[in-house]
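Residue-level structure breakdown
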Amino acid sequence: MAINLQKGQREAINAPKFTIGLGWDTNSSSTGAAFDLDASVFVLGENKKMLADDYFVFYNNLKSPDGAIEHTGDNLTGEGDGDDEQIKVDLSKIDPRATEICIVVTIHEAESRRQNFGQVRNSFIRIFDTATNADILNYELDEDFSIETAVEFGRIYKRDNNWKFEAVGAGMKGGLQDYLTKYN
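Conventions adopted
Residues numbered from 1 in each chain as written. Predicted model: local features only at pLDDT ≥ 70, side-chain atom pairs only at ≥ 80, totals over all residues. Heavy atoms only, no water. Core = buried A, V, L, I, M, F, W, Y, C linked by side-chain atoms within 4.5 Å. Buried < 20%, exposed > 50% of the residue type's maximum accessible area, 1.4 Å probe, protein only. Helix = DSSP H or I, 4+ residues; strand = E, 2+ residues; numbered from the N terminus. Contact = heavy atoms within 4.5 Å. Pairing = 2+ DSSP bridges. Axes fitted to C-alpha atoms, helices over the stretch in contact; angles between N-to-C directions. Phe/Tyr/Trp six-rings, centres within 6.5 Å; stacked < 30°, edge-to-face > 60°. Lys NZ or Arg CZ within 6 Å of the ring centre and 35° of its normal. 1 Å grid on protein atoms, 1.4 Å probe; cavity = no way out; pocket = protein on both sides within 12 Å on 5 of 7 lines; lining within 4 Å. Points joined across faces, edges and corners; volume = space filled by probe spheres on them. Nonpolar A, V, L, I, M, F, W, Y, C, P; charged D, E, K, R; others polar. Polar contact = N/O pair within 3.5 Å; in protein donor to acceptor, adjacent residues only side chain to side chain.

1. Focus on the nonpolar core
The nonpolar side chains of soluble globular proteins are, as a tendency, buried together. Core analysis: the biggest nonpolar cluster contains 40 residues, and Ile-20, Leu-22, Ile-69, Ile-101, Phe-117, Ile-156 and Phe-165 have the highest contact counts within it. Mapped by element, the contributors of at least two residues to this core are β3 (17-26), β4 (37-44), β7 (85-90), β8 (100-107), β9 (120-129), β10 (135-141), β11 (150-159) and β12 (162-172). In contact with Ile-20, other than residues within four places in its own chain, are Glu-85, Gln-86, Ile-87, Val-89, Ile-103, Ile-125, Arg-126, Ile-127 and Ile-156. Of all hydrophobic cores here, the second largest spans 13 residues; its members include Phe-58, Val-104, Leu-176 and Tyr-179.

Below, the structure is given as structure tokens:
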């Protein structure tokens, strides 16, 4: 039975291998342009900075150097039900310096397409056991991000050698470059 989280809530992840599923629906009629939302992961150390550039996992770098994080590929449309993008995680392989995995979704070319997360609905992040497909936890973002073009959906962090998930749901006006600047 999956645990449904509220913003700010934290929950232990008691599975060494799991998949992060991210999903959303868009109102493409509001701008006329198609939406392309992209999931990205930043693997951070204790200093809240990326371990190295290769620990930024996204559609152009699908795997972290330690093999612990694997993006399954870019979904250019977000069409259909269920997960739009997935990221596989194997904590048994993760670099020992890693203390946090930040999960962000950005809108590709948001400024030129005049798009924001206010035009996105039914956004969620879920974590499920890769072996059984059983949901471990879910977090539905129910805020209206009317000017934000990027949202940190959640973060997985290590405390006392245990990994936990925090439902973040924090929007940012900016794009992927702003996160790269923040975590580099």
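2. Regarding the sheet that holds strand β2 (residues 10-12)
Backbone hydrogen bonds hold the strands of a sheet together, and the pairing may be parallel or antiparallel. In spatial order, the strands read β2-β12-β11-β8-β4-β5; together these six strands make up an open sheet with antiparallel pairing. Two strands lie at the open edges of the sheet, namely β2 and β5 (56-57), each paired on one side alone. Bridge count for β11 against β12 is nine bridges, and the pairing is antiparallel. Looking across to β12, one finds that Tyr-157 is bridged to Lys-164. Contacting β4, β5, β8, β11 and β12, helix α2 (residues 176-183) runs over the sheet at an angle of about 0° to β4.

3. Details of the packing of aromatic side chains
For the structure on display, the rule yields six aromatic pairs. Their ring planes at 10° and their centres at 4.1 Å tell us that Phe-56 and Phe-58 sit as a pair that is stacked. Across this residue pair, the class does not change: Phe-56 and Phe-58 are buried. An aromatic cluster of three or more residues is present, and its members are Phe-42, Phe-56, Phe-58, Tyr-59, Tyr-179 and Tyr-183. Arg-155 extends its terminal NZ or CZ atom over the ring of Tyr-157, reaching a point 4.3 Å from the ring centre.

4. Comments concerning unusual backbone geometry
You will see that Glu-109, though not glycine, has its phi angle at about 55°, which is positive. Relative to the elements of secondary structure, Glu-109 occurs in the loop between β8 and α1 (110-113). The phi dihedral of Asn-133 is positive, around 65°, even though this residue is not glycine. With respect to the helices and strands, Asn-133 occurs in the loop between β9 and β10.

5. Some points on the sheet that holds β7
Taken together, six strands build an open sheet; the order of strands is β1-β10-β9-β3-β7-β6 and the sheet is mixed. Edge positions in the sheet fall to β1 (3-5) and β6 (69-71), since each has one partner strand and no second. On average, each strand axis in the sheet is inclined to that of its neighbour by 15°, with strand direction left out of account. As paired elements, β3 and β9 share eight bridges and run antiparallel to each other. If you follow Gly-23 over to β9, its bridge partner there is Phe-124.

6. With respect to the layout of surface pockets
A volume near 280 Å³ is recorded for the largest pocket. Around the largest pocket sit 17 residues that line it, and Ile-107, Ala-110, Glu-111, Thr-149 and Gly-174 are the ones nearest its centre. Secondary-structure elements contributing two or more residues to the lining of the largest pocket are β8 and α1. Classifying every residue of the lining of the largest pocket gives five nonpolar, seven polar and five charged.

7. Topic: the environment of Arg-155
Note on placement: Arg-155 falls in strand β11. Overall, Arg-155 belongs to the buried group, its relative accessible area being 10%. In this structure the C-alpha to C-alpha distance between Arg-155 and Val-104, which are 51 residues apart in sequence, comes to 8.7 Å. The residues contacting Arg-155, other than those within four sequence positions of it, are Arg-10, Lys-48, Glu-100, Ile-101, Cys-102, Ile-103, Lys-164, Phe-165, Glu-166 and Val-168. Of the polar contacts made by the side chain of Arg-155, one reaches the side chain of Glu-100; its length is 3.2 Å. Of note is the side chain of Arg-155, whose polar atom sits 2.6 Å from the side chain of Glu-166.

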